[in-house]
Amino acid sequence: MNRVELRTLDVPKAERFDWWCDLVRNDLAPTDIASEHQYDFRASAARLELGPVAVAALAFPTLQSWRTPRLIRQSDPELWELAYVAGGVMGIEQERSRAQVRGGDLLLYDTSRPFDSRVTEGGRVIILHLPRSAVPLPTRTMRDLLSRRLPAQRSGALLTGFLERLADHQWGGPEAERLGSAAVDLALAFLGGLADQEGLLAPETRQNALLHRVKAFISANLSDRKLTPQTVAEAHYISVRCLHHLFRGEEQTVSAFIRALRLERCRADLAKPSLASHPVGAVGARWGFANAEVFSRAFKAAYGTPPGEYRRRCAERGMRHVTASVLPAAGFPPLSSPPGPSTR
């Protein structure tokens, strides 16, 4: 299970506040916390592990927290924390910058720098923990975005909606990995877009940020059958030629990238028992393949087996796990990692 949810109501009343403080110190980053509700502290926390990133969904009353140099020396996970304030009011001061964010917007802070945070109205916050190694934007650029109200517009609205849905469900296996990667792409698209608008990026970094925005847009619109290099370029106010130039250093062209993502979503759906009653053609149509025969040929070319046969083998494998926990048939790609293109 990759989702853990805890509530202070499950702890004796006298122990709730200390229990919450320990939870935050251990699962987020060491901080000092104070609250006028410490004698009856009602809060909840859910943590999701999604491959390259983790997401925390927190609900709590008014409180104040500090991260001091001493606590940073004690432990530093080296994270950029991108917080979506889903309800209430949250204020933060870091790097001589101060912001107050109300429900619906985001803010960014750094676990490697001291900060002072205040929640003046109890609410709900969803935090995306971004490891520094996963963020290609320059550190100086990221620090220019710290402790500011970041309006959730355009790509920000996509990100906040995605985080809301992530936090409300249990995810597991390869699906959790894919969703974690998608969360990173959306976050980078959002942050890179802001930095680009404000002239904080060097030309090369600006190109990388635009590429992340384009990939996040494609990922969010795969079900649209009209998704083509032309529509992608128009959505980003660039020419098709410029779009192809962006992908020049990638392993795939724009069209190949779109097709590969669509096929991967179809592969994931075909493996789900809950979608077993959906015709194979409907699964393809769900992710933008208008023609069932075209979908079948593309799937077989990518994975070495027709989609119907792939679904049948997935179902058989699931039954074997239930009855005897045996290994998948020889030659059939395991579901724990995406199969590569067929060499036949």
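A. Quick peek at the environment of Thr8. Tracing the sequence through the fold places Thr8 in the loop between β1 (3–7) and α1 (16–27). Judged by its relative accessible area of 0%, Thr8 falls in the buried class. Separated by 35 residues in the primary sequence, Thr8 and Ala43 place their C-alpha atoms 5.5 Å from one another. Non-local contacts of Thr8, meaning those with residues more than four positions away in its chain, are made with Arg16, Trp19, Trp20, Phe41, Arg42 and Ala43. Within the local environment of Thr8, its side chain forms a polar contact with the backbone nitrogen of Ala43, the two atoms lying 2.8 Å apart.

B. Quick peek at the confidence of the model for the protein chain. The pLDDT averaged across the protein chain works out to 84; a share of 90% of its residues lies at or above 70. Below a pLDDT of 50 lies the segment residues 321–344, which in the model reaches 33 contacts outside its immediate sequence neighbourhood of four places, other chains included.

C. Layout of helix α11 (residues 292–303). For α11, built from 12 residues, the straight-helix expectation of 16 Å at 1.5 Å per residue is met to within 8% by its first-to-last C-alpha distance of 16 Å. Three or more residues of α11 are buried, namely Phe295, Ala298, Phe299, Ala302 and Tyr303. The arc enclosing the buried residues of α11, seen along the axis, measures out at 105 degrees, which places them on a common side. Residues of α11 that are exposed and point more than 90 degrees away from the buried face comprise Glu293, Arg297 and Ala301. Just beyond α11, the residue with positive phi is Gly304, at close to 80 degrees.

How each quantity is defined
- By convention here, each chain's residues receive numbers from 1 onward along its written sequence.
- The predicted origin of the model limits local features to residues at a pLDDT of at least 70 and limits the giving and counting of side-chain atom pairs to 80 or more, whereas totals for whole chains, interfaces and linings rest on all residues.
- Side-chain metrics in this entry use all non-hydrogen atoms of the structure; hydrogen atoms and water are not considered.
- A run of H or I in DSSP becomes a helix once it reaches four residues, and a run of E becomes a strand once it reaches two; helices and strands are each numbered from the N terminus.
- The classification of residues rests on relative accessible area computed with a 1.4 Å probe and restricted to protein chains. Under 20% of the type maximum is buried, over 50% is exposed, and intermediate values are partly exposed.
- Note on contacts: a residue pair is in contact if any heavy atoms of the two residues lie within 4.5 Å.
- Under the rule applied, a polar contact is a pair of N or O atoms within 3.5 Å (in protein, one hydrogen donor and one hydrogen acceptor; residues adjacent in sequence only if both atoms are side-chain atoms).
- Values of pLDDT, which run from 0 to 100, indicate the predictor's confidence residue by residue.
- Multiply 1.5 Å by the residue count of a helix minus one, and that product is the helix's expected span.
- The directions considered for the arc run from the helix axis to the C-beta atoms.

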